[in-house]
Amino acid sequence: MNIYIGNLSYSVKESDLRQVMEDYGTVDSAKLIIDRDTNRSKGFAFVEMPNEAEAINAIKELDGAEYQGRQMVLKEATPKRSY
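Rules used throughout
- Residues numbered from 1 in each chain as written.
- Predicted model: local features only at pLDDT ≥ 70, side-chain atom pairs only at ≥ 80, totals over all residues.
- Heavy atoms only, no water.
- Buried < 20%, exposed > 50% of the residue type's maximum accessible area, 1.4 Å probe, protein only.
- Helix = DSSP H or I, 4+ residues; strand = E, 2+ residues; numbered from the N terminus.
- Arc of directions from axis to C-beta.
- Contact = heavy atoms within 4.5 Å.
- Polar contact = N/O pair within 3.5 Å; in protein donor to acceptor, adjacent residues only side chain to side chain.
- Phe/Tyr/Trp six-rings, centres within 6.5 Å; stacked < 30°, edge-to-face > 60°.

What about helix 1 (residues 14–22)?
For step 1, the next point in the chain: Along helix 1, the residues that are buried comprise Leu17, Val20 and Met21. Projected onto a plane normal to the axis of helix 1, the buried residues spread over an arc of 95° and lie on a single side. Opposite its buried face, helix 1 presents the exposed residues Ser15 and Gln19, each directed more than 90 degrees away.
For step 2, the next point in the chain: The inward-facing, buried residues of helix 1 contact strand 1 (2–6), strand 3 (41–48), helix 2 (52–62), strand 4 (66–67) and strand 6 (73–76).

Rendered as C-alpha cells:
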C-alpha cells in the first residue's frame, strides 16, 4: 500500500521516516518530496508498505501523531489524476 504522509517538518529526512514506519512493519520505500528550485523538502512524503494490514495499522496509529513538532497526516495515497 502506498501511504501519503503530510505536514512533515522540513528537517525530516527519508531515513527518519523509514525508521518511524518500520516500527509498524516492512517498508519497501520512503520518498520525501523535494522542491526542484530550492532543493528543500515540500513537507510531505510517500511510503510504500507491502503488507496492507501493517500499512492500515500504521495509518491508524500515526495519523495526527506529533513528530518533530508537527502533527502528521497519514492516509492511503490515491493515484495521480490524468486530465
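There is more to say after this.
Considerations on the side chain of Ser41
For step 1, the next point in the chain: Counting through the fold element by element, Ser41 comes out in strand 3.
For step 2, the next point in the chain: Within the structure, the side chain of Ser41 is placed 2.9 Å from the backbone nitrogen of Gly43, a separation counted as a polar contact.
For step 3, the next point in the chain: Setting aside residues no more than four positions away along its own chain, Ser41 makes contact with Tyr10, Leu32, Ile33 and Ile34.

Topic: the environment of Gly69
For step 1, the next point in the chain: Within the fold, Gly69 resides in the loop between strand 4 and strand 5 (70–71).
For step 2, the next point in the chain: Residue class for Gly69 comes out exposed when judged on its relative accessible area of 59%.
For step 3, the next point in the chain: It is 8.8 Å that separates the C-alpha atoms of Gly69 and Leu8, two residues lying 61 residues apart in sequence.

Here's the deal with the packing of aromatic side chains
For step 1, the next point in the chain: According to the stated counting rule, one finds 3 aromatic pairs in the structure shown.
For step 2, the next point in the chain: Geometrically, the ring pair formed by Tyr4 and Phe44 is tilted, given 5.9 Å between the ring centres and 35° between the ring planes. With Tyr4 in strand 1 and Phe44 in strand 3, this pair connects stretches of sequence that are 40 residues apart.
For step 3, the next point in the chain: Relative accessible area serves as the criterion here: at 23%, Tyr4 is assigned to the partly exposed category.
For step 4, the next point in the chain: Note on Phe44 and Phe46: the rings are 6.0 Å apart at their centroids and 85° apart in plane angle, and the pair reads as edge-to-face.
For step 5, the next point in the chain: For Phe46, a relative accessible area of 27% gives the class partly exposed.
For step 6, the next point in the chain: Three or more aromatic residues link up through ring pairs in this structure, and these residues are Tyr4, Phe44 and Phe46.

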